[in-house]
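Each chain, written out:
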Amino acid sequence: MEGALTNIQRAEVLAKALPYIKKYNNKIVVIKYGGNAMISNELKEQVMEDIVLLWLIGVKVVLVHGGGPEINEMLGKIGKKSEFVGGLRVTDKETIEIAEMVLAGKVNKGLVNLLEVKGGNAMGISGMDGRLIEAKIKNEQLGYVGEITSINKKPILDLLSNGYIPVVSTIGCDKDGNIFNINGDTAAAYIAGALQAERLIMMTDIAGIMRDQYDPKSLIPELSTEEAVQLYDKGVISGGMIPKVDSCIKAIEMGVQNCVIMNGCLPHSILIELLTEEGAGTMITAHNK
């Protein structure tokens, strides 16, 4: 009986997920992947399994990834120290070459391989492919750190229409062939906006936006872009959360339906967010309820 009860419970879970499966079927969902969920091999496998599951039920998932820790590791191996200005890495010619090698090579192809092993069809591309991400120098002090000027969504749409999960590394370029490192959150926002995605999911290392950063119970489940700006002034949104929220607001301004900032280190957090009533993290929308 115990086994039968477990099967019944599983069936009930699937039945409750049906409205959400219907909602996201054939819709584009952009997932920004990084942080500790990317460092832990166990979490990485689980995230890739969740993405393949979504792909199998008809969600058009676009995976946008960074790779800061891997870049740091490679720079350490060659004995190169990183400099930072305002929290952003100063990227000289040697550093951008390493960033390109790590992001568009090792990290990107590793994720593609893992998605394929889990049963998905994935294709890795960088922002240079098809001039997907065009950029210009953001700040002369930062070197080859790029500010996005345009997104060519066609390479991603072509992959989606052919049944692939696009895996995008955030390396951009300009018309003269210069290569730039692009902030992953910003790139995900612009890509989601260009695709008019149903949802942008920002995977991070904390539960979401909290009124008290030391109290998980103070998590704000939903707020509008207007309310988010007010929380800047109150100091509730501060530090590393500011660029993530800025990116979400930009995505919504570009036409994304809503954005979610959530803890990607929790088991199956993507499925909880998309396929349950409770969801996960903090959802940012265009308007107040």
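Summary of the structure given here. (Residues numbered from 1 in each chain as written. Predicted model: local features only at pLDDT ≥ 70, side-chain atom pairs only at ≥ 80, totals over all residues. Heavy atoms only, no water.)

## Details of the pattern of salt bridges
Then comes step 1: A complete count under the given rule lists eleven salt bridges for this structure.
Then comes step 2: In this structure, E73 engages K77 in a salt bridge whose closest nitrogen and oxygen atoms are separated by 3.7 Å. One end of the pair, E73, and the other, K77, are both in helix α4 (residues 68-77), four residues apart, so they sit about a helical turn from each other.
Then comes step 3: Relative accessible area serves as the criterion here: at 60%, K77 is assigned to the exposed category.
Then comes step 4: Among the ionic pairs, K80 bridges to E94, the shortest N-O distance being 3.2 Å. On the criterion of sequence distance, the pair formed by K80 in the loop between α4 and β3 (84-85) and E94 in helix α5 (residues 93-117) is long-range, its members being 14 residues apart.
Then comes step 5: A relative accessible area of 40% places E94 in the partly exposed class.
Then comes step 6: Put simply, K32, D185 and K244 are held in one network by salt bridges that share partners. (Salt bridge = Lys/Arg side-chain N within 4 Å of Asp/Glu carboxyl O. Helix = DSSP H or I, 4+ residues; strand = E, 2+ residues; numbered from the N terminus. Buried < 20%, exposed > 50% of the residue type's maximum accessible area, 1.4 Å probe, protein only.)

## Overview of the state of the cysteines
Linking two cysteines covalently through their sulfur atoms gives a disulfide.
Then comes step 1: Under the definition given, this model contains zero disulfides.
Then comes step 2: Of the cysteine sulfurs around C248, a residue in no disulfide, the closest is that of C259, at 4.3 Å.
Then comes step 3: With a relative accessible area of 0%, C248 lands in the buried category. (Disulfide = S-S within 2.5 Å.)

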